[in-house]
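Understanding the architecture of this molecule
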Amino acid sequence: MGLVASVKRAATRAVVNQLVGMADSSDASLLRMLGAVKSVSSLDWYDKGLGAMEGYIRAGHPGVEAVRRAMRVMSKTTRKKFVENLVMNVFIEGNRKRFAFYEKEGFGPPTTLLISPTTVCNLKCYGCYAEGHDVHSTLSFEAMDKLIAEGKEVGTPFVQFVGGEPFLVKHLWDLFEKHPDVFFNVFTNATQLGDAEIEKLASMGHVALSVSVEGLQMHTDERRGRGIYALATNTMRKLADKGVLVAFSATYSKANFDTVGTEPFMDAMIDAGCVFGWFFPLMPVGSCAVPQLMLTPYQKMQIKDRLAEMRATRPLLFFDFGHDEWLAGGCLAGRKMLHVNSQGGVEPCMFTQFAVDNIHGKSFSDVLRSKFLGKVRDDERIRANPQKTCLVTDVPEVFREIVKEEGAKDQSGDGLMTTMAPVLDAFAREDKALHEAEKK
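Right, let's walk through the structure included here. Computed from a prediction, not measured in an experiment: that's the story for all the values here.

Calculation criteria
Residues numbered from 1 in each chain as written. Predicted model: local features only at pLDDT ≥ 70, side-chain atom pairs only at ≥ 80, totals over all residues. Heavy atoms only, no water. Helix = DSSP H or I, 4+ residues; strand = E, 2+ residues; numbered from the N terminus. Buried < 20%, exposed > 50% of the residue type's maximum accessible area, 1.4 Å probe, protein only. Contact = heavy atoms within 4.5 Å. Areas by Shrake-Rupley, 256 points an atom, 1.4 Å probe, with all protein chains shown as cover. Core = buried A, V, L, I, M, F, W, Y, C linked by side-chain atoms within 4.5 Å. Phe/Tyr/Trp six-rings, centres within 6.5 Å; stacked < 30°, edge-to-face > 60°. Lys NZ or Arg CZ within 6 Å of the ring centre and 35° of its normal. Arc of directions from axis to C-beta. Pairing = 2+ DSSP bridges. Right-handed = clockwise from strand over helix to strand, strands pointing away. Salt bridge = Lys/Arg side-chain N within 4 Å of Asp/Glu carboxyl O.

It is worth spelling out the overall build of the protein chain at this point. On a plain count of helices and strands, the protein chain comes out with 16 helices and eleven strands. Of all 440 residues assigned to the protein chain, the portion counted as buried reaches 59%. Within the protein chain, counting contacts between residues at least 6 apart in sequence, those at least 24 apart form 72% of the total. As displayed, the protein chain has an accessible area near 18200 Å², and 55% of this comes from carbon and sulfur atoms.

Counting residues in hydrophobic clusters, the biggest one holds 115 residues, and the most contacted among them are Phe161, Phe176, Phe248, Met269 and Phe279. No other element matches the eight residues that helix α5 (residues 76-105) contributes to this core. When residues no more than four places from it in sequence are discounted, the contact partners of Phe176 are Phe161, Phe167, Phe184, Val186, Met204, His206 and Val207.

Another aspect to go through is the packing of aromatic side chains. Geometry of an aromatic ring pair is reported as the spacing of the ring centres plus the angle between the planes. Applying the stated criterion across every chain yields a total of 22 aromatic pairs. Over the face of the ring belonging to Phe257 we find Arg306, whose NZ or CZ atom lies 4.9 Å from the ring centre. The side chain of Arg377 reaches across the aromatic face of Phe107, ending 3.8 Å from its centre.

Right, let's talk about helix α8 (residues 195-204) for a bit. Residues of α8 that are buried: Ile198, Leu201, Ala202 and Met204. An end-on view of α8 places all buried positions within 165 degrees of arc, on one side of the element. What points out from α8, more than 90 degrees from its buried face, is the exposed set Asp195, Ala196 and Ser203. In this fold, the buried residues of α8 make contact with α5, α7 (172-178), β4 (207-213) and α10 (228-241). Two residues or fewer after α8 comes Gly205, characterised by a positive phi angle close to 85 degrees.

Before going further, it helps to examine unusual backbone geometry. Cis geometry marks the peptide bond from Gly163 to Gly164; its omega dihedral reads 10 degrees. Non-glycine residue Ala190 carries a positive phi angle of around 75 degrees. Note on placement: Ala190 falls in the loop between β3 (183-188) and α8.

Residues in a regular strand project their side chains so that they alternate between the two faces of the sheet. Taken across its seven residues, strand β5 (residues 246-252) has seven buried, putting it largely inside the fold. Burial along β5 is two-sided: the residues Val246, Phe248, Ala250 and Tyr252 and Ala247, Ser249 and Thr251 are all buried. Where β5 meets strand β6 (residues 276-281), six bridges bridge the pair, whose relative direction is parallel. The partner of Thr251 across the bridge, within β6, is Phe280. The handedness of the β5 to β6 crossover, carried by helix α11 (residues 263-271), is right-handed.

Once that is clear, we can look at the pattern of salt bridges. Pairs can form between side chains of opposite charge whenever their charged atoms are close. For the structure on display, the rule yields 24 salt bridges. Asp195 is the salt-bridge partner of Lys238, the closest N and O atoms lying 3.0 Å from each other. Remark: Asp195 occurs in helix α8 and Lys238 occurs in helix α10; sequence separation between them is 43 residues. Given a relative accessible area of 52%, Asp195 falls into the exposed group. Residues Glu263 and Arg314 are paired through a salt bridge, measuring 3.6 Å at the closest nitrogen-oxygen approach.

The next subject is the sheet that holds β6. Across the sheet, nine strands lie side by side as β7-β6-β5-β4-β3-β2-β1-β8-β9; this open sheet has mixed pairing. The sheet is open, and its two borders are formed by β7 (317-320) and β9 (346-347), each paired with just one other strand. Across two bridges, the pairing between strand β8 (residues 337-340) and β9 is antiparallel. The residue of β9 that forms the bridge with Val340 is Val346.

Here you go:
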């Protein structure tokens, strides 16, 4: 890094640190600090985000209080790593690396790398998307270490572990220690986290936790097992009390439609110490798919409206994979994120369980050059309508075509190409008709 770049990075870090430190300051002070951040950032996309933040502050949006809550929850260690690893390494320096890769290759690396270190899990949740992958496969420390290191080189220092239950893989802790400059997020059922593990996470600061629930106690315990809701929320509170960033992860379906994302649910997550949340629609993928539990298109639209109301009234940040991907120009699969399964297969996302390439024997950069991933990134039909771009539920016929053309191999006994094809095609037609009717 040259002298000018080093000075600019130091100036940016100083301003961001000051902004984070002023989380509880007046709106006027925050607006002045946002102006200062703009002055040290030359990234157009970053300026757009800062402009949106200014609008939220001026409007008194609950999202501003959500950010303040997050800053108050974070310990000094977590706050330092949040600035260094997420803001600086992922969104500022990472963007520069991704743009440099784009100028050379004609496409950019993903911002986020999803890794399933194992598909082994101590819970048996019906309809789990991971069911069907080889339940005995676990990625070695060496394979994940190499993958993460190569990801950092091209601007992908944001790693999210999914599964299976990631914390059943003990060398996950070694990866955290080996890569203190990466921002990690782990989707977990929380059953493997005792007080010692929570203390360890607090001491590191660069690992966030996303704890899975299915709504409130009745629905969580019904799908995950008796007592899991109490265990999950208790662990959330312990993590927050230690200054660890903690989020919830909720899958919405017909089974929990009446409660997930409602006021009582959101308030319970806030009380448990969550500062962020993820919502996922139940996907009919994997060998144990339950398409009968998919929301209807109309119910899915109701969820969208419900979450919009919560976003406007609750100090809690969240991302809904059923409706919010338009913020990044459409479906993230193969473009803004990639999934590496527990056998090393490289999938566009964890719900598109087909792969051509494998990380065993290939570098991360070589994997990114795959024709399969290139078609997923570039097919104009996928992003013709940024509001409706999910490969599985919105354009399933396009994804099936790409899979056939590139000879992508089924990774999980998935019925996407066979038994689920008519189900998904019917859903896509009904959903399209519903949205077209809404426009009239």
